[in-house]
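# Close look at the chain arrangement
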Amino acid sequence: MSKYTLQDSFIEFCKKNKFEVNDKQVETIKLLDSFLNPKKKLFDLFSHSKENLCFYLHGNVGVGKTMLLNFAYDQVKLKKLRLHYNQFMINFHDFRHNKKNSASITSFVQNLKKNYELIYLDEFQITNIVDAMILGKLFENIFLQNIKIIITTNVKLYDLYKNGLQREQFLPFISAIEKNSIQKELLLNDDYRLQNKGAKPQRVFHPLNDQNLFKINQIFRKLTRNKSNEKKNITTKGRDFLINNFFDGIVRFKFNEICDKNIGAEDYINIANVCNHIFIEEIPFFNDDNSNQQLRFITLIDIFYEKKIILTLSLVDQINNLGSSIKHYEAFKRTTSRLFEMTKVK
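Procedures and definitions
- Residues numbered from 1 in each chain as written.
- Predicted model: local features only at pLDDT ≥ 70, side-chain atom pairs only at ≥ 80, totals over all residues.
- Heavy atoms only, no water.
- Helix = DSSP H or I, 4+ residues; strand = E, 2+ residues; numbered from the N terminus.
- Rg over C-alpha atoms; globule rule 2.2 N^0.38 Å.
- Buried < 20%, exposed > 50% of the residue type's maximum accessible area, 1.4 Å probe, protein only.
- Contact = heavy atoms within 4.5 Å.
- Areas by Shrake-Rupley, 256 points an atom, 1.4 Å probe, with all protein chains shown as cover.
- Pairing = 2+ DSSP bridges.
- Axes fitted to C-alpha atoms, helices over the stretch in contact; angles between N-to-C directions.
- Arc of directions from axis to C-beta.
- pLDDT = per-residue confidence, 0-100.
- Polar contact = N/O pair within 3.5 Å; in protein donor to acceptor, adjacent residues only side chain to side chain.
- Core = buried A, V, L, I, M, F, W, Y, C linked by side-chain atoms within 4.5 Å.
- Salt bridge = Lys/Arg side-chain N within 4 Å of Asp/Glu carboxyl O.

### A look at the overall build of the chain
The helix and strand inventory of the chain stands at 13 helices and 11 strands. In terms of overall dimensions, the chain is globule-like: its C-alpha atoms have a radius of gyration of 22 Å, near the 20 Å expected for 346 residues. Taken over 346 residues, the chain has a buried fraction of 47%. Put simply, 79% of the contacts in the chain that link residues at least 6 apart link residues at least 24 apart. On the chain, roughly 18500 Å² of surface is accessible, and the fraction owed to carbon and sulfur atoms is 49%.

Written out as structure tokens, the structure reads:
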């Protein structure tokens with residue numbers, strides 16, 4: 001009897017959950033299986049070929065990259081870690097800050113090696129020059145320790161940190177991934193998050209006017225009616241972020257309160273850790289003049305999506321009509337796709 005493969009399990013998983021069995025996704029699962037469970041051939045025993053240590057999966061938004069890798073990750077019987085890329089880098093920088101020595105990268109990777117054989121980094125994107133400068137050395141050390149890495153991203157390897165400051169210092173990372181990886185593009189025409197997007201009502205209100213403000217006020221009062229109001233202070237590395245109206249996990253922000261301040265991924269993680277339903281109001285059009293605020297919004301939505309936060313939004317226009325800065329155009333496709341999913345009334 002033939003061995004029950006990852007592909008067999010995936011097809012069964014799709015049928016059980018009434019998902020479409022997509023040939024491109026099945027093809028990707030087969031490749032993942034060969035990466036996670038390599039079979040040595042006789043030729044390999046006498047050759048100098050080495051095992052790939054990275055599976056780099058890229059593709060457009062909503063094509064099922066995270067779903068596929070989540071499924072494969074759950075099947076693997078290894079010591080493993082799954083983290084959003086932002087959280088992984090926060091952990092890395094915290095470790096280096098505490099160590100404060102020239103060998104901190106080596107020590108961080110050795111610590112990973114003690115605990116994990118496989119690390120899964122979801123939503124890999126580089127927008128930070130500090131990260132860009134150090135990723136090459138970090139991943140060279142990870143591969144030296146034979147730690148396997150699986151990555152999801154919307155960006156082709158050679159387009160990572162495109163047009164970024166001092167990009168030439170980022171190229172060692174691209175080289176390290178190229179030498180050690182299987183690169184796979186998941187090509188599908190549809191964004192699964194947008195299918196039947198009009199079938200259910202959404203917690204999205206536009207344009208910004210008194211009528212829609214009244215509707216949002218009604219929803220907020222209904223949700224918080226029997227909850228006590230308190231102030232909650234979120235402290236992140238010495239930075240204080242005060243939530244004036246905290247109703248047992250339900251909070252309400254204006255866009256500028258949360259995206260036009262000097263806060264970032266770690267602050268958003270700490271906010272998400274105490275919330276379950278967040279109202280974000282007065283979301284503007286985006287262009288090159290507010291690209292920094294747009295990047296914070298992209299980061300915020302990535303983190304809130306990972307933390308399964310429910311959103312209610314008010315915007316100047318429909319989600320698909322918010323525009324974008326040139327710099328963040330591709331990344332913002334993922335954000336708009338996720339906004340449709342996070343605002344659905346289930």
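We are not done yet, so read on.
### Overview of the sheet that holds strand 1 (residues 54-59)
Backbone-to-backbone hydrogen bonds join strands into a sheet, with any given pair of strands oriented parallel or antiparallel. An order of 2-3-4-1-5 is seen for the 5 strands of this open sheet, with the pairing classed as parallel. Two strands lie at the open edges of the sheet, namely strand 2 (80-84) and strand 5 (181-186), each paired on one side alone. In this sheet, adjacent strand axes meet at a mean angle of 15 degrees when their direction is disregarded. As paired strands, strand 1 and strand 5 are joined by 6 bridges and run parallel to one another. From the neighbouring strand, phenylalanine 55 faces strand 5, where its bridge partner is isoleucine 182. Here helix 2 (residues 23-36) sits on the sheet in contact with strand 1, strand 3 (118-122), strand 4 (148-153) and strand 5, set at roughly 170 degrees to strand 5.

### Points about helix 8 (residues 171-180)
Buried residues of helix 8: Phe173, Ile174, Ala176, Ile177 and Asn180, and no others. Buried residues along helix 8 cover an arc of 160 degrees about the axis, so they all sit on one side. Each element contacted by the buried residues of helix 8 is listed here: strand 1, helix 7 (129-144), strand 4 and strand 5.

### A closer look at the environment of lysine 137
Among the structural elements, lysine 137 can be located in helix 7. Considered as a pair, lysine 137 and glutamate 168 are 31 residues apart in the sequence and their alpha carbons are 14 Å apart.

### Details of the confidence of the model for the chain
Residues at a pLDDT of 70 or more form 92% of the chain, whose mean pLDDT is 90. Put simply, helix 3 (residues 42-45) is where the chain has its lowest mean pLDDT, 49, and strand 10 (residues 277-283) is where it has its highest, 98.

### Regarding the side chain of asparagine 154
Along the chain, asparagine 154 falls in the loop between strand 4 and helix 8. In this structure asparagine 154 comes out as buried when scored by relative accessible area, which is 19%. At a separation of 3.2 Å, a polar atom in the side chain of asparagine 154 contacts the main-chain carbonyl oxygen of glycine 59. Only 2.6 Å separates the side chain of asparagine 154 from the side chain of arginine 334, close enough to count as a polar contact. Sequence-distant contacts of asparagine 154, that is, excluding residues within four places in its chain, are made with Gly59, Asn60, Val61, Lys65, Glu123 and Arg334.

### Description of the sheet that holds strand 11 (residues 310-315)
As summarised here, the arrangement of the 4 strands in space is 6-11-10-9, forming an open sheet in which the pairing is parallel. Of all strands in the sheet, those bounded by a partner on one side alone are strand 6 (204-205) and strand 9 (250-254). With 5 bridges joining them, strand 10 and strand 11 adopt parallel strand pairing. In the strand pairing of strand 11, isoleucine 280 is matched with leucine 313. Across the sheet, helix 9 (residues 210-224) lies against strand 6, strand 9, strand 10 and strand 11, angled at about 155 degrees from strand 9, the strand it touches most.

### Here we look at the nonpolar core
Ranked by size, the top nonpolar core spans 39 residues in total, and within it Ile271, Ile278, Phe297, Phe304 and Leu311 carry the most contacts. Of all elements in the fold, only strand 8 (239-246), strand 9, helix 10 (255-259), helix 11 (265-272), strand 10, helix 12 (291-306), strand 11 and helix 13 (329-342) reach the threshold of two or more residues within this core. Looking at which element gives the most residues to this core, the answer is helix 12, with 6 residues. Setting aside its immediate chain neighbours within four residues, isoleucine 278 contacts Val251, Phe253, Ile271, Phe304, Ile309, Ile310, Leu311 and Thr312. With 36 residues, the next largest nonpolar core counts Leu53, Leu121, Phe139 and Ile147 among its residues.

### Observations concerning the pattern of salt bridges
Across all of its chains, the model carries 15 salt bridges by this definition. With its nearest N and O atoms 3.1 Å apart, the salt bridge here joins lysine 148 to glutamate 51. Here lysine 148 is found in strand 4, whereas its partner glutamate 51 is found in the loop between helix 3 and strand 1, with 97 residues between them in sequence. With a shortest N-O distance of 2.7 Å, arginine 239 and aspartate 267 are connected by a salt bridge. Taken together, the positions of arginine 239 in strand 8 and aspartate 267 in helix 11 put the pair 28 residues apart, joining distant regions of the chain. On the basis of relative accessible area, aspartate 267 is assigned to the buried category, the value being 2%. When salt bridges with common partners are traced through the structure, they connect Glu123, Asp302, Arg334 and Arg338 into a single cluster.

### Details of unusual backbone geometry
In this model, histidine 206 is joined to proline 207 through a cis peptide bond whose omega is 0 degrees. Non-glycine residue glutamine 166 carries a positive phi angle of around 50 degrees. With respect to the helices and strands, the residue glutamine 166 is situated in the loop between strand 4 and helix 8. Take glutamine 166: its relative accessible area is 42%, and that puts it in the partly exposed class.

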